[in-house]
Amino acid sequence: MSSGRIFQQKLDPLTGNSEWVVIEEDELPDAPPQTLLVTTSYLDMLNDSRRNRAFRDAIDKTITKPCHVLDIGAGTGLLSMMAARAMDSGMSGECSSSKGTVTACESYLPMVKLMRKVLRLNGMERKVRVINMRSDEVEVGVDITSRADVLVSEILDSELLGEGLIPTLQHAHDKLLVENPQTVPYRATTYGQLVESKYLWKLHDLFNNEAKASDGIRLVPRKKEANLFVKSHFSMHCDAIKEEIQLLSEPFKIFEFDFWKRPESQGETSLHIKATNDGTVHAIVSWWILQLDCEGTIFYSTGPRWISFPFNMELQSSFPNSGDWCDHWKQCVYFVPGKGFTISKDEELHLHAIHSDTSISYEFEPQTQSTEMDQYDFARDDQLILSPERVAIYGDSNWRWFILQAVIKALKGKVPSLCLVADDSVFLTIAIASLSQTSHVISLFPGLKEKGAKYLQTVAVANGYSMDRVEVPEKRKDYLTMCDTHQKMVELLVGEPYYYGNDSMLPWQNLRFWKERTTLDPVLSNDALIMPCKGILKACAMSLPDLWRSRRCLRQIEGFDHSVVNATLGACGDLPAPHESPCLPFFIWQCGENKGLSEIFSVMEFDLSKPISPCFGKAQVKFTRSGICHGFALWIDWVMDAGNEIVVSTGPDQRLWKQGIKLLAKPVTVGIHGSSIGNISAEIEASFNPSTGELDIKYDFA
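1. Looking at unusual backbone geometry
Reasoning step 1: For the bond running from Glu496 to Pro497, omega is -5 degrees, close enough to zero to count as cis.
Reasoning step 2: Considering the arrangement of structural elements, one finds Pro497 in the loop between strand E25 (490-494) and helix H13 (512-519).
Reasoning step 3: In this structure, the amide linkage connecting Met531 to the following residue, Pro532, adopts the cis form with an omega of 5 degrees.
Reasoning step 4: Structurally, Pro532 is set in the loop between strand E26 (524-531) and strand E27 (534-543).
Reasoning step 5: Positive phi outside glycine occurs at Gln487, with the angle close to 65 degrees.

Printed below as a string of structure tokens:
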């Protein structure tokens, strides 16, 4: 897109509504970053020194004379500047009339604007030509003068192919590159390993996990297993569950993709894998290794730390060590359907791997695994695809018990004639419809919409309710009227709260339930029960060295100053006023090295029984162990009943919810009371703005 203007979608976390904001080419890139680049992986990637060094070494080795270099997905322009510097170095010792060219192709306008600032800061604006468009829109003779001799790029996700690597390379080889070009990287190879892990099993097999709950609710009834499921693979930091994994095979090579030649859209391979232990195969953990130079001396790996390659020390050095944790690339987990299948040591398995132009999938031959799962029909409109963590929550016996106890308590005494589910909770809808045979249930399903309605119809018989008592409005409305409620007042308003598609939101953005409770006020009866009735903002001081290191302010990266990007990318450190590092959502337990330094404490409460309003809270932090404090973890505990007896926590111990992390500008040494080293206490303040849904966090160490 080269018009110098893009439309950026901005989401209101408290209403779920979005609007399109116009970003012009000539606008300053210091606009509030929260809607632009803060939540991207750019900062983490630029703080990955192992990656930066590998690319620099390979580019210096590959580019030794004037040529045309094309950088696809240029980001801040780091690889382009490396290429321009390498070209200058190659020319310094010889007289040459030829002139090299570096073209940086980046489609995202906010990043283009940031790149131009970085190039200017490093005196590279005349050595790197920036094109603001997709690479498959670039034409030789129109946008670039000639085909490129060298391609440098890094359009890779955790699975390798998900960011469009194959289509991008195909178009580049067809239209933009010379025959037999040089490329950095040179090759990528995917690897896998069979594992047994109950944690990974719980992330996808809802059918068998909810069968153990014995509560009568069936989100996945028999022969309806394909109606609610997760995608067959997802990305996570597998080192975090290293102690819970049993390895059932040696690592095996799967696919090899050469960047220097045109890749095929489809590919398949058959592998023979020997089991190294008895066990149950629940998943395949996969990763990739980049070979950055054609000679095979420079590598980068996304493999877990338990991997070792004693036959090749060069390859071994590419694997992450302590202190190398980064968040931009994880391992990819492929779930074996159902309960998995058992194997014996030395048994040989046959694995069939297939890749499309955007993903990799696997089949075991023959299909030895016992599974209740029929073939997925992805065209059906009554299927729900949920995140693995959401599936694990719905399959967790303790969580289900807490929610059901809260519902039973709410239904005691006066049975409500009209119940309203304000969020996307299919569990609450089914539970209320099953437990109260006379109540009418309206589920707003703001994210699931008609898919949710069709799903409820599919599982109605198995859960003992009739769809004439359950309703999902066809169109979303900002306000409900008495016409929408059939002239009845709502006597029970519930939510978990959970909003479909908001898995990467901050915990307090689920206070959308409070906002919607407020807009529903005209249709609520005077004695309506609200569930949850209260939210409590909880916090804990944390040592998070790996996460802080990955989010710290940038300075020199392989000789190039990146300090101008810090505020826009949301770095932590010495930022110019009024900038400060934002709160961001993370699974704390997956953030490398981590430990709590204080007791868990309450910061403020949100009274959901009343209309939404500004809130302020302050708390003293007393440290329970000495260490280096890098920030605070924050989350919400939901109080489901007026008696404060049923509380659902979303804290880090649960592992299925993300917490909000507020990193400090500088790490602080802390100690326990009576210690002569470090700060022994701190104070934290939080204020909630109901018009924006933002939570402002301030802290002070003493």
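2. Topic: helix H10 (residues 397-411)
In an α-helix, one turn spans 3.6 residues, which is why side chains three or four residues apart end up on the same side.
Reasoning step 1: With 15 residues, H10 extends 21 Å from end C-alpha to end C-alpha; this agrees with the ideal 21 Å at 1.5 Å per step.
Reasoning step 2: All of the buried residues along H10 are Trp399, Arg400, Ile403, Leu404, Ala406, Val407, Ala410 and Leu411. Considered in projection along H10, the buried side chains sweep an arc of 155 degrees and stay on one side of the axis. For H10, exposure combined with an orientation more than 90 degrees from the buried face picks out Asn398 and Trp401.
Reasoning step 3: Buried residues along H10 sit against helix H7 (206-211), helix H9 (388-395), helix H11 (426-435), E25, E26 and strand E35 (647-649).
Reasoning step 4: Sitting at the head of H10, Asp396 places a side-chain oxygen 3.2 Å from the backbone nitrogen of Asn398.

3. Side note on the pairing of strand E34 (residues 627-639)
Reasoning step 1: Across the 13 residues that make up E34, a large majority, 12, are buried.
Reasoning step 2: Bridge analysis of E27 against E34 gives nine bridges, and the strand direction is antiparallel. Bridge pairing links Gly535 to Trp638 in E34.
Reasoning step 3: Both E34 and strand E36 (residues 659-670) contribute to a ladder of seven bridges, which runs antiparallel. Among the inter-strand pairings, Phe632 is bridged to a residue of E36, identified as Lys662.
Reasoning step 4: Across three bridges, the pairing between E34 and E35 is antiparallel. Bridge assignment links Val639 to a residue of E35, and that residue is Val647.

4. Notes on the packing of H10 against H11
Reasoning step 1: Two elements in contact, H10 and H11, have axes whose closest approach is 10 Å; the angle formed by their N-to-C orientations is 45 degrees. Taken together, the axes of H10 and H11 lie oblique to each other. The way H10 lies across H11 gives a crossing that is right-handed. Where H10 abuts H11, its residues Trp399, Arg400, Ile403, Leu404, Val407, Ile408 and Leu411 lie against Phe427, Leu428, Ala431, Ile432 and Leu435.
Reasoning step 2: For the contact of H10 with H11, a count of residues per class yields 11 nonpolar, no polar and one charged.

5. Let's talk about the confidence of the model for the protein
Reasoning step 1: Per-residue confidence for the protein averages 91 on the pLDDT scale, and 91% of its residues sit at or above 70.
Reasoning step 2: Below a pLDDT of 50 lies the segment residues 28-35, which in the model reaches 12 contacts outside its immediate sequence neighbourhood of four places, other chains included.
Reasoning step 3: Across residues 368-379 the pLDDT falls below 50, and counting only partners more than four positions away or on other chains, this stretch makes 23 contacts in the model.

6. Quick word on helix H12 (residues 449-459)
Reasoning step 1: All of the buried residues in H12 are Gly452, Ala453, Tyr455, Leu456, Thr458 and Val459.
Reasoning step 2: Residues of H12 that are buried sit in contact with strand E9 (228-229), strand E21 (384-385), H11 and strand E24 (470-471).

7. Some remarks on the environment of Trp260
Reasoning step 1: Structurally, the position occupied by Trp260 is in the loop between strand E12 (252-258) and strand E13 (267-274).
Reasoning step 2: Between the C-alpha atoms of Trp260 and Arg53, which are 207 residues apart in sequence, the distance is 21 Å.
Reasoning step 3: Filtering out sequence-adjacent residues up to four positions away, Trp260 remains in contact with His173, Pro181, Thr183, Tyr186 and Arg187.

8. Some details on the packing of aromatic side chains
Given two aromatic rings, one states the distance between the centres and the angle between the planes to describe the pair.
Reasoning step 1: Under the definition given, this model contains 21 aromatic pairs.
Reasoning step 2: When the centroid spacing of 5.9 Å and the interplanar angle of 65 degrees are considered together, the rings of Trp514 and Phe606 count as edge-to-face. Pair noted here: Trp514 is in helix H13 and Phe606 is in strand E32 (residues 601-607), with a separation of 92 residues, a long-range link.
Reasoning step 3: Relative to Phe701, the ring of Tyr699 lies with its centre 6.1 Å away and its plane at 70 degrees, an arrangement referred to as edge-to-face.

9. Some remarks on the pattern of salt bridges
Reasoning step 1: Within this structure, the stated rule accounts for 33 salt bridges.
Reasoning step 2: As a salt-bridge pair, Asp57 and Arg53 come within 3.3 Å of each other at their nearest N and O atoms. Here Arg53 and Asp57 lie together in helix H2 (residues 49-62), a separation of four residues that amounts to about one turn.
Reasoning step 3: What makes Arg53 partly exposed here is its relative accessible area of 39%.
Reasoning step 4: Its salt-bridge partner being Glu645, residue Lys409 comes within 2.8 Å of it at the nearest N-O pair. Residue Lys409 is found in helix H10, and its partner Glu645 is found in the loop between E34 and E35; the two are separated by 236 residues along the sequence.

10. Here we look at the sheet that holds strand E38 (residues 694-701)
Reasoning step 1: The strand order E33-E37-E38 describes an open sheet built from three strands, whose pairing is antiparallel. What marks the edges here is a single partner per strand, and that holds for strand E33 (615-622) and E38. Strand-to-strand twist in this sheet, taken as the mean axis angle between neighbours without regard to direction, amounts to 15 degrees.
Reasoning step 2: In terms of strand pairing, E33 meets strand E37 (residues 681-689) through eight bridges, oriented antiparallel. In the sheet register, Gln620 faces E37, and the bridge partner there is Glu683.

11. Structural notes on the side chain of Ser135
Reasoning step 1: When you line up the elements, Ser135 lands in the loop between strand E5 (128-131) and strand E6 (148-153).
Reasoning step 2: Leave out the neighbours within four places in its chain, and Ser135 touches Ile72, Cys105, Thr168, His171 and Leu176.

12. Digging into the packing of H9 against H10
Reasoning step 1: Following both chains from N to C, one finds H9 and H10 inclined at 65 degrees, their axes separated by 5 Å at the closest point. In terms of orientation, H9 lies roughly perpendicular with respect to H10. Residues Arg390, Ile393, Tyr394 and Gly395 of H9 pack against Ser397, Trp399 and Arg400 of H10.
Reasoning step 2: Across the contact of H9 with H10, the residue classes break down as three nonpolar, two polar and two charged.

What counts and what doesn't
- Residues numbered from 1 in each chain as written.
- Predicted model: local features only at pLDDT ≥ 70, side-chain atom pairs only at ≥ 80, totals over all residues.
- Heavy atoms only, no water.
- Helix = DSSP H or I, 4+ residues; strand = E, 2+ residues; numbered from the N terminus.
- Expected span 1.5 Å × (residues − 1).
- Buried < 20%, exposed > 50% of the residue type's maximum accessible area, 1.4 Å probe, protein only.
- Arc of directions from axis to C-beta.
- Contact = heavy atoms within 4.5 Å.
- Polar contact = N/O pair within 3.5 Å; in protein donor to acceptor, adjacent residues only side chain to side chain.
- Pairing = 2+ DSSP bridges.
- Axes fitted to C-alpha atoms, helices over the stretch in contact; angles between N-to-C directions.
- Parallel < 35°, antiparallel > 145°, perpendicular 65-115°, else oblique.
- Left-handed = near helix turned anticlockwise from the far one by under 90°.
- Nonpolar A, V, L, I, M, F, W, Y, C, P; charged D, E, K, R; others polar.
- pLDDT = per-residue confidence, 0-100.
- Phe/Tyr/Trp six-rings, centres within 6.5 Å; stacked < 30°, edge-to-face > 60°.
- Salt bridge = Lys/Arg side-chain N within 4 Å of Asp/Glu carboxyl O.

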